[in-house]
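Here's the letter readout for the chains.
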Amino acid sequence: MTTLLEVFKTMDYGPAPESPAAVQAWLEEHGRKFGLFINNEWVQPEETKTYPSYDPSNGELLAETAQAGQKEVDAAVAAARAAFKTWSKTPGVERARYMYAIARNLQKHSRLLAVLESMDNGKPIRESRDIDVPLLARHFYYYAGWAQLMETELRDYQPVGVVGQIIPWNFPLLMLAWKIAPAIAMGNTVVLKPASVTRLSALLFAEIVAEAGLPPGVVNIITGSSKAGSMIVAHEDVDKIAFTGSTDVGRILRRQTAGSGKKMSLELGGKSPVIVFEDADLDAAVEGVVDAIWFNQGQVCCAGSRLIVQENVADKFIQKLKTRMGHMRVGDPLDKCIDMGAIVDQGQWDTVDHWARTGIKEGGELFQPEIEMPDKGLFYKPTLITGLDPAAATVQEEIFGPVLVSLTFRTPAEAIELANNTRYGLAGSVWSDNINLALDVASKVKAGALWVNAHNIFDAAAGFGGYRESGFGREGGEEGIYEYVRPAWMPRPRPDFKLDENEKWGEPIPALPAMPDTKHANGAERPALDRTPKMYIGGKQARPDGNYTLAVLGAKGKIIGQVGDGNRKDIRNAVEAAHAAHTAKPGWAMRHGYNRSQILYFIAENLDARNAEFVERIVAMTGRTKKSAQDEVNTSVERLFTYAAWADKYGGTVQETTLRGITVAVREPVGVIGIACPDEYPLLGFISLMAPAIARGNTVVMLPSEKHPLGATDFYQVLDTSDVPGGVVNIVTGNRDHLIKTLVQHEDVDALWYFGSTEGSYHVEYQSAVNMKRTWVGYGLPRDWMSREQGEGHEFLHEATQVKNIWVPTGE
Ligand code: NAP
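Every chain begins its residue count from 1, and numbering advances along the sequence as written. The predicted nature of this model means local features are confined to residues of pLDDT at least 70 and side-chain atom pairs, given and counted, to a pLDDT of 80 or more, with totals for whole chains, interfaces and linings taken over all residues. Hydrogens and water molecules were not included; the side-chain quantities draw on all heavy atoms of the structure.

### A word on unusual backbone geometry
Phi at Asn 453 takes a positive value of approximately 50°, unusual for a residue other than glycine. Mapping Asn 453 onto the fold places it in the loop between strand 18 (449-452) and strand 19 (471-472). Of note in this structure, Asn 547 is not a glycine but carries a positive phi near 65°. Only DSSP runs of H or I reaching four residues or more are called helices, and only runs of E reaching two or more are called strands; each is numbered from the N terminus. Within the secondary structure layout, Asn 547 lies in the loop between strand 22 (540-542) and strand 23 (549-553).

As structure tokens, then:
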């Protein structure tokens, strides 16, 4: 007779398949052939080229979809533009009703959506049913709320216009929700292109939206290749590009849109750390690693693909992990009992396998459990590679598959260093029973989402997005809506310029010998005392490295002074000083807001004390009236007060997510910001940009107005007497474009603000793609720096910060 113990020992999972019948019926209903969804109608392009979509778990053809060309992209953008006229004027409450109807309809069709998603992408039905589709509906509910609240809470903003959205294949429905829900909530209309290998669920979504009664043209879905994506990006009548995908393609799009005035958000790749401390609940952490790297077969932008485990528990932990891997079930995505489904397509399978083999070549030890695998379909075993060097390509590059690499550390400082030793900065998790340690480490890892004792938790009420080469912009939460609005006073910038192919932008311009006016007041020739202002680097006055000076002309064309002609070396010194001031212990960012506000008040006080001197300088430089110069100085003092006020009032919020616990959105400084000031309002322009940046904990390299630099050089004496730590504000004078070019190419500069020419704006955006720096440029358009709405406020604070969400589950 079989004993109970034997039953337990020999028990196995039985299959629990979800039926594909409803999906097959839906595909049949469409003749397994889909057109493009424009104006709430199916459009079948003439001379249709089609593209097949296969089920990666068994290779069966699901359907063919149309490949959009230029004509179809134009039609979709035209439909969105026409719809924008009414949709953007539709009251928020009405938009909220439509979005609520969409959310309800999505829930009604949730099973069909989940099964289709699993068949098209290969992800386990457990995930599409319990995570992807519920989150899809949740986003439409959440942003229905923001549509409702826009008129009261975002009074100073307007929709952006027609938005082009391009998404990847790993979460076809969720990525679509992240993009479409906030966009249409804010009154925009969209043209969305899903990825080539997963396009069917977006088409089902389109039908559901139309069924819910959304007006034609608000949401248009066009299928096609990367060429169609590129056509959307290039389209003149598209006002914003929202892209999720690889960093390499993100870089292409950044360059393609440079200088166009299109708003842009980029959600790119990652190589996120999972940091396990010796005092963690190791069994829970093993489950955490499973969620981190084998969720969706590791095809997750924020996958915890780098395990960083404390050395003294590393052997034990790896052993436990290997045992757990031996119990994972890989197989039919529609089986409710499996842990991992299929890799999305053959190309991706090959990439994953290439990286696993590279890991071995790089000296790693590869472990794959002895588990049963399906005999057909694109399945890949959960894989662990240990023993790699932190600099190995397998450790540094995003694999985007079920391959985990593991490293060890001894001290928390080393763990943080290893975690940040990457060009990415998307996410990470910290495992420890010591809450102080966990939160300290979470706050020091440079990434947009950090989970404590958890990984891969998402919700519409918290934003998601990267630092560094993981992109910029946020999707989700209140922070996500700012990607889809622009200030009410600002029309879409449409910079008009022609690039001169022969012009080498930012090349050093030989300084003209500048002789100051040596005439004494009584007319007698005599040598003047040299009052050439120095640069200001690391809290000290510094002579320009090249020892050249530039003449500064006054309003009447006469030389009124000289400034140093900065070069690459000066910029490098200034960046080094800014970087040191940022990272020193405790660096500027670590100071209390209270302390930073005190310093800003002190700067204001000292500027005010020298009010008359600055007025005189502005009059001499610009030829404006004394009254106008006086207004500029007074407004500058006021503006310093404004940001002294904001120094301790913009730190973040507690997000109301569905997590039982706390999700905190912390607005962190961006880091070292290079700032090129406008020529209008030489003092106020400088202060309007410097003050918000330093108020929020950034350190800056300021390039004052090239035409009127003397206001800024006088200003360093104010800084000197106001307790500003050395390196927080650095001032380099000279040719603006030459200096900004060095800044934009510098790896230690995190963001660029450029208020110079239209062409310069183009070059800054284009060149920032080198390491995906965040940029904010003025496109050479005039801005009224005197006015409050254009010269200060949330727009400035937003540019000076990046949101990190820290998730801390509590209780059950
Ligand atoms: P991908 O190759 O960059 O493609 C993403 C999308 O861009 C697809 O729709 C693709 O179209 C389109 N595309 C490709 N080249 C284009 C071009 N030159 N112009 C316009 N569109 C173009 O990325 P993927 O392989 O689909 O997705 C994986 C990547 O996405 C990973 O790096 C992952 O980390 C990242 N990701 C990031 C996040 C995030 O929130 N940060 C979330 C999910 C995924 P085709 O499919 O037709 O080529």
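### Let's talk about the site of the ligand
Neighbouring residues of the ligand: 30 residues in total, closest Ile 167, Ser 196, Ser 246, Leu 268 and Glu 398. Between N or O atoms, a polar contact is any pair within 3.5 Å; within protein, one atom must be a potential hydrogen donor and the other a potential acceptor, and residues adjacent in sequence are included only when both atoms are from side chains. One of the side-chain N or O atoms of Ser 246 is found 2.7 Å from an oxygen atom in the ligand. Every accessible area reported is derived by Shrake-Rupley at a probe size of 1.4 Å, with residue values counting cover from the shown protein chains alone. Across the complex, the protein chains shield 87% of the 900 Å² of accessible surface that the ligand would expose by itself. The set of elements that each furnish at least two residues to the shell around the ligand consists of helix 7 (172-185), helix 9 (226-234), strand 10 (240-244) and helix 10 (247-257). It is helix 9 that contributes the most residues to the shell around the ligand, 3 residues altogether. What makes a residue near a molecule or strand is one non-hydrogen atom of that residue sitting within 4 Å of it.

### A look at the side chain of Lys 193
Relative to the elements of secondary structure, Lys 193 occurs in strand 8 (residues 189-193). Buried and unpaired, Lys 193 has Asp 120 as its nearest opposite-charge partner, separated by 12 Å. Reaching out from Lys 193, the side chain makes a polar contact with the backbone oxygen of Gly 224 at a distance of 2.9 Å. Once residues lying within four places of it in the same chain are set aside, the contact partners of Lys 193 are Gln 165, Ile 166, Ile 167, Ile 222, Gly 224, Ser 225, Ser 226, Ala 228, Gly 229 and Ile 232. Residue burial is assigned from relative accessible area. The probe radius is 1.4 Å, only protein chains are included, and a residue is buried under 20% of its type maximum, exposed over 50%, and partly exposed in between. Neither His nor the chain ends is counted toward charge; the positive residues are Lys and Arg and the negative residues Asp and Glu. What makes a salt bridge here is a side-chain nitrogen of Lys or Arg within 4 Å of a carboxyl oxygen of Asp or Glu, nothing more. By definition in these notes, contact holds between two residues if any of their heavy atoms fall within 4.5 Å.

### As for helix 18 (residues 568-583)
Between its first and last C-alpha atoms helix 18 spans 22 Å; for 16 residues at 1.5 Å apiece the expected length is 22 Å, and the two agree. As for helix 18, its buried residues are in contact with strand 21 (535-537), strand 26 (661-669), strand 27 (672-676), strand 28 (699-703), strand 29 (729-731) and helix 24 (736-745). To estimate how far a helix should extend, the number of its residues minus one is multiplied by 1.5 Å.

### Thoughts on the sheet that holds strand 5 (residues 61-66)
Taken together, 3 strands build an open sheet; the order of strands is 1-5-4 and the sheet is mixed. Both outer strands of the open sheet, strand 1 (33-34) and strand 4 (50-54), are each paired with one neighbouring strand and no more. Bridge count for strand 1 against strand 5 is 2 bridges, and the pairing is parallel. In the strand pairing of strand 5, Phe 34 is matched with Thr 65. Geometry is summarised by axes, namely lines fitted to C-alpha atoms with helices restricted to the contacting stretch, and by angles between N-to-C directions that run from 0 to 180 degrees. Its contacts with the sheet place helix 8 (residues 200-211) against strand 1, strand 4 and strand 5, and it is angled at close to 70° to strand 5. Should DSSP find at least two bridges between two strands, the strands are taken to pair.

### Topic: empty space enclosed by the protein
Only protein atoms enter the 1 Å grid, on which a cavity is a set of points fitting a 1.4 Å probe that cannot get out and a pocket is an open set with protein on both sides within 12 Å along at least 5 of 7 lines, lining residues being those with an atom within 4 Å of a point. Grid points are joined across faces, edges and corners, and a volume is the space filled by probe spheres set on the points. Applying the stated criterion across every chain, the model contains 4 cavities of 30 Å³ or more. Its boundaries defined by the atoms lining it, the largest cavity holds a volume of some 80 Å³. Around the largest cavity, the lining comprises 13 residues; the ones closest to its centre are Phe 458, Asp 459, Ala 462, Gly 463 and Phe 464. Tallied by class, residues from the lining of the largest cavity come to 8 nonpolar, 3 polar and 2 charged. Taken as a whole, the second largest cavity holds about 60 Å³ of empty space. Along its surface, the second largest cavity is lined by Gly 270, Lys 271, Ile 293, Gly 298, Val 300, Ala 303, Ser 305, Glu 398, Ile 399, Phe 400, Gly 401 and Val 403. In this classification, the charged set is Asp, Glu, Lys and Arg, the nonpolar set is Ala, Val, Leu, Ile, Met, Phe, Trp, Tyr, Cys and Pro, and all remaining amino acids, among them Gly, are polar.

### Topic: the nonpolar core
Counting 115 residues, the largest nonpolar core has Phe 140, Ile 184, Phe 205 and Ile 221 as its most contacted members. The contact partners of Phe 205, leaving out residues within four places of it in the chain, are Leu 106, Leu 136, Phe 140, Leu 173, Leu 176, Ile 180, Val 219 and Ile 221. As used here, the term nonpolar core means buried Ala, Val, Leu, Ile, Met, Phe, Trp, Tyr and Cys residues forming a set that is joined through side-chain atoms within 4.5 Å.

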